[in-house]
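# Reading the structure
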Amino acid sequence: MSPEDRRVWRFIGAVALCMALSVPLSMALGVQYDYTLTHVALGGALLGALCGMAGTFAVLRGQSLIGDTLSHAALPGVALAFLLFGREPLALLLGAAATGGLGILLVNWLSSTTRLKQDAAMGIVLAAFFAIGVALLSYIQGRADARQAGLDKFIFGQAAAIIARDVVILGAACLLIGALLLAFWKEFKLLTFDPDFARVNGLPTGWLNGLLSTLIVIVCVIGLQLAGVILMVGLLIAPAVAARQWTRRLEQMIVLAMLFGAFSGGSGAVLSALERGLPTGPLMIAVACGLVLVALLFAPQRGVLWQLRQRRRLRGEV
Amino acid sequence: MPASPYALEINDLTVAYRNTPVLWDIDLRVPSGVLMGIIGPNGAGKTTLIKAALGLIPRAAGDVRFFGLPLRQARARIGYVPQRNSIDWDFPTTALDVAMMGLYGKLGWLRRPDRAARQAALAALEQVGMAHLAERQIGQLSGGQQQRVFLARALVQNADLYFMDEPFAAVDAVTERAIVNLLGALRKQGKTVIVVHHDLQTVAEYFDWVTLLNVEVIASGATSEVFTEENIRRTYGGRIGALPAGLNGSPEASAYVA
């Protein structure tokens, strides 16, 4: 391991320590971790870690906005599942995955068979699905159905809805996706870095691509209820973008992205649970984007301040 | 294994993009052990030819064999150096890490590169004069150094047949020397190397075999036989920059500038 790598790993260790210390610090500031808040914080942190894992690959594959299309396209699925099966968590998840996945397939089909560019295709699919979703949601809102409450929370996210079962689902997803990434680490890495080379070497790039995309879909769908469809993409990519600035290896980037994600998700969820009616998604994303801002300014070599200093030093030498 | 004198054998290969043929009815035989340059104007389909042969883009028709075998059975004997600008060099990884990727195909599922893989990668980097930058992040390398990392990765593949896509494009003199030396070393080991090339001036110096391509194969064979002024004219039409000096053509043709 090179000295520079060791330095980055030490930095990552320090970040982990600081984030762990934020829990006792918040207690000292008067936050009461009762049964509900513990679940909310745990759920948020687990979701953030999941997003860090999936987001690292989404960002490096240049697929950041796929997450945006996906989460917006999931809304009509949620509404339809509610109309058909009521407020059944599993049904809502499957509904979200169904229309979200359909949206992605539609984007791929549009950009491969028509002259539409991918960004235009994503814009159109995103808008169409979201429009249908909002219309369905308003329709549900207007019905005299007592069990409808909370469905509109899907738009901005609602952490207070987290119960023990959600924490278990998030934890299981973390283990499953973490295990898959570990098992196929070198394949995913090569596929992301140089897909043509991977294919020439005989890797089954078709199904590896499918597997990686499926992981991103799963993370987005699981996160919808907490982060909300509008800002889900922020939690997916912001921790990875922030982590990218501090590191020089994929291994370091994904670990740091998980830490950043866990911190953003956890603290956002806690903040939103402190006051009734505060939406979770925006608070999580605000924290995550704060981390991005700090990274863009202060990261060695890639940071703005570092580059300014470098330029000044060069000018001094001239 | 059926013995074939040809490292690469292409029959009736056609590739089309939106109904326009990019490659038309290519027939090509490359004997084992040659250093072959593929030359032709921009848009002639040089890169497409390599990619179609390697199954990276779909072909409308045609059959490709490597050492007499279909691609699936010959993969382990094929090395590939893609165009340098085909990937994102800001990817968080080091030169050593990239060189080790040459072993990923052979390692098999669930296996991680071990110490031996690391040694092989370091040796390959050494061979292209990059061992001292092994721990450098690839984004911090110059274009020529990045190209040499790609070559090291191909060396690690330890193939019998190499495809290199424009390895000489926009590289510094040191890198150019390193690549030429490497080609010589590979040749000496009896490997076959197929290089997409754009500089007519150096063709005769670098390659003993050449294919002139412009959608169709204009000519293919030993450089001394097919790299003639007439064939170059037929390949490039009126778009020749400067004909290589020393070709047995008229002096005014050698100085011809389009």
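Attention here is on the structure that accompanies the text. (Residues numbered from 1 in each chain as written. Chains lettered and ligands numbered in written order. Predicted model: local features only at pLDDT ≥ 70, side-chain atom pairs only at ≥ 80, totals over all residues. Heavy atoms only, no water.)

### Thoughts on the overall build of chain A
Quick reminder of the rule: Only DSSP runs of H or I covering at least 4 residues are called helices, and only runs of E covering at least 2 are called strands; the numbering of each starts at the N terminus. Two things to know: the radius of gyration comes from C-alpha atoms, and the globule rule equals 2.2 Å times the number of residues to the power 0.38. For every residue, the accessible area (1.4 Å probe, protein chains only) is compared with the maximum for its type, and the residue is labelled buried under 20%, exposed over 50%, or partly exposed between those bounds. Whether two residues touch is decided by their heavy atoms; if any such pair falls within 4.5 Å, the residues are in contact. Using a 1.4 Å probe, the Shrake-Rupley method yields the accessible areas, and only the shown protein chains count as cover for residues.
In terms of regular secondary structure, chain A is built from 14 helices and 0 strands. Starting at the N terminus and walking to the C terminus, you meet the elements of chain A as α-α-α-α-α-α-α-α-α-α-α-α-α-α. In terms of C-alpha radius of gyration, chain A reaches 21 Å, essentially the compact-globule figure of 20 Å for 318 residues. Summarising its shape, the C-alpha atoms of chain A cover approximately 75 × 55 × 40 Å along the three principal directions. Each of the 318 residues in chain A was classed as buried or not, and the buried ones make up 51%. Counting contacts in chain A only where the partners sit at least 6 residues apart, residues at least 24 apart contribute 72% of the total. Surface accessibility of chain A: about 14,500 Å² in total, with carbon and sulfur atoms responsible for 70%.

### Digging into the sheet that holds strand E6 (residues 161–165) of chain B
Residue and element names in this part refer to chain B. Using the following cut-off: For two strands to be treated as a pair, DSSP must find no fewer than two bridges joining them. A fitted line through C-alpha atoms represents every axis, and for helices the fit uses only the stretch in contact; the resulting angles, taken between N-to-C directions, go from 0 to 180 degrees.
Strand order in the open sheet formed by 6 strands is E5-E6-E7-E3-E8-E9, and the pairing between neighbours is mixed. Each edge of the open sheet carries a strand with a single partner, namely strand E5 (78–81) and strand E9 (216–222). Across this sheet, the average inter-strand angle for adjacent strands is 15°, counted without regard to direction. Of the strand pairs in this sheet, strand E3 (residues 35–39) and strand E7 (residues 192–196) are connected by 4 bridges, and their pairing is parallel. Residue pairing across strands places isoleucine 38 opposite valine 196, the latter belonging to E7. In the packing of helix H1 (residues 46–53) onto the sheet, contacts are made with E3, E5, E6, E7 and strand E8 (209–214), and the angle to E3 comes to roughly 125°. Those strands touched by helix H6 (residues 143–157) are E5 and E6, and its axis lies near 170° from that of E5.

### What about the nonpolar core?
The condition is simple: Residue types Ala, Val, Leu, Ile, Met, Phe, Trp, Tyr and Cys, when buried and joined through side-chain atoms within 4.5 Å, form a set referred to as a nonpolar core.
Counting residues in hydrophobic clusters, the biggest one holds 184 residues, and the most contacted among them are B:Phe66 and B:Phe163. Sorting elements by how many residues they give to this core places helix H10 (residues 205–227) of chain A first, with 13 residues. Setting aside chain neighbours within four positions, we find B:Phe66 in contact with B:Ala7, B:Leu8, B:Ala53, B:Leu54, B:Leu71, B:Ala74, B:Ile78, B:Leu161 and B:Phe163.

### Quick notes on the interface of chain B and chain A
Just so we agree on the cut-off: The term buried area denotes the loss of accessible surface (1.4 Å probe radius) that occurs when two parts are joined, taken as the sum for both partners. A carboxyl oxygen of Asp or Glu within 4 Å of a side-chain nitrogen of Lys or Arg is what we treat as a salt bridge. Pairs of N or O atoms within 3.5 Å make up the polar contacts considered here, provided that, within protein, one atom can donate a hydrogen while the other can accept it, and that residues adjacent in sequence are counted only when both atoms are side-chain atoms.
Taken together, the contact between chain B and chain A spans 37 residues of the former and 32 residues of the latter. Between chain B and chain A the total buried area reaches about 3,200 Å² when both faces are included, carbon and sulfur atoms providing 56% of it. Sorting the residues of chain B by area buried against chain A places B:Phe91, B:Pro92 and B:Trp109 first, and these three jointly supply 21% of that buried surface. Here chain B and chain A share 7 salt bridges between them. Counting across the chain B and chain A interface gives 16 residue pairs in polar contact (both at pLDDT 80 or more). Broken down by secondary-structure element, the contributors of at least two residues to the side of chain B that touches chain A are E5, helix H3 (95–100), helix H4 (104–107) and H6 of chain B.

### Considerations on a negative patch on the surface
To keep it simple, the criterion reads: The patch calculation keeps residues exceeding 30% relative accessible area without a salt bridge and links them within 9 Å when they carry like charges or within 5 Å when they are nonpolar (Val, Leu, Ile, Met, Phe, Trp, Tyr). Only four residue types enter the tally: Lys and Arg on the positive side, Asp and Glu on the negative side, with His and both chain ends excluded. Charge placement uses NZ in Lys and CZ in Arg. For Asp and Glu, CG and CD serve respectively.
On the surface, a cluster of negative charge is made up of B:Asp12, B:Asp25, B:Asp27 and B:Glu216. Take B:Asp12: it is sitting in strand E1 (residues 6–17).

### Re helix H2 (residues 35–60) of chain A
All names here are of chain A. Threshold: Every helix has an expected span of 1.5 Å times one less than the residues it contains. Here the bend at each residue means the angle between axes fitted to two seven-residue stretches, the one ending at that residue and the one beginning there.
Taking 1.5 Å per residue, 26 residues should reach 38 Å; H2 reaches 38 Å between its end C-alpha atoms and fits that length. The largest bend in H2 amounts to roughly 30° and is located at alanine 54. Just downstream of H2, glycine 62 is the residue with a positive phi angle, here 70°.

### Some remarks on unusual backbone geometry
Residues other than glycine seldom take positive phi values, yet B:Asp25 does so here, at roughly 50°. Here B:Asp25 shows up in strand E2 (residues 20–31).

### Describing the packing of aromatic side chains
Quick reminder of the rule: Whether two aromatic rings pair depends on their centres lying within 6.5 Å, for rings of Phe, Tyr and Trp, where Trp uses its six-membered ring; planes under 30 degrees apart make the pair stacked, over 60 edge-to-face, and the rest tilted. As a reminder, the over-ring test applies to NZ of lysine and CZ of arginine, requiring each to be within 6 Å of the ring centre and within 35 degrees of the ring normal.
The tally for this structure, following the rule as stated, stands at 13 aromatic pairs over all chains. Residues A:Phe57 and A:Trp185 carry aromatic rings whose centres are separated by 6.0 Å and whose planes lie at 80° to one another, so their mutual orientation is edge-to-face. Of this pair, A:Phe57 sits in helix H2 while A:Trp185 sits in helix H8 (residues 185–193); the two residues are 128 residues apart in sequence, bridging distant segments of the chain. Comparing A:Phe57 with A:Trp185, the two get one shared label, buried. Among the aromatic residues, those joined into a ring-pair cluster are A:Phe57, A:Phe184, A:Trp185, A:Phe188, A:Trp207 and B:Trp109. The ring of A:Trp306 has A:Arg309 lying over it, and the distance from NZ or CZ to the ring centre is 5.1 Å. Looking at B:Arg77, its charged tip hangs above the ring of B:Phe67, at a distance of 3.8 Å from the centre.

### Some remarks on a nonpolar patch on the surface
All names here are of chain A. Taken together, the side chains of Leu293, Val294, Leu297, Phe298, Val304, Leu305 and Leu308 present a nonpolar region at the surface, about 580 Å² in accessible area. At the level of elements, helix H13 (280–298) and helix H14 (304–317) are the ones that each hand at least two residues to the nonpolar patch. In terms of residue count, the dominant contributor to the nonpolar patch is H13 (4 residues). When you line up the elements, leucine 293 lands in helix H13. We classify leucine 293 as exposed; its relative accessible area is 52%.

### Let's talk about the sheet that holds E1(B)
Residues and elements named next belong to chain B. Judged by pairing direction, the sheet is antiparallel, and its 3 strands sit side by side in the order E2-E1-E4 without closing on themselves. Strand pairing shows two members of the sheet lacking a second neighbour, E2 and strand E4 (61–66), which therefore form its edges. Sheet twist, expressed as the average angle between the axes of neighbouring strands with direction ignored, equals 15°. Inspection of the sheet shows E1 paired to E2 by 8 bridges, in the antiparallel sense. Directly across from leucine 8, in E2, lies its bridge partner valine 30.

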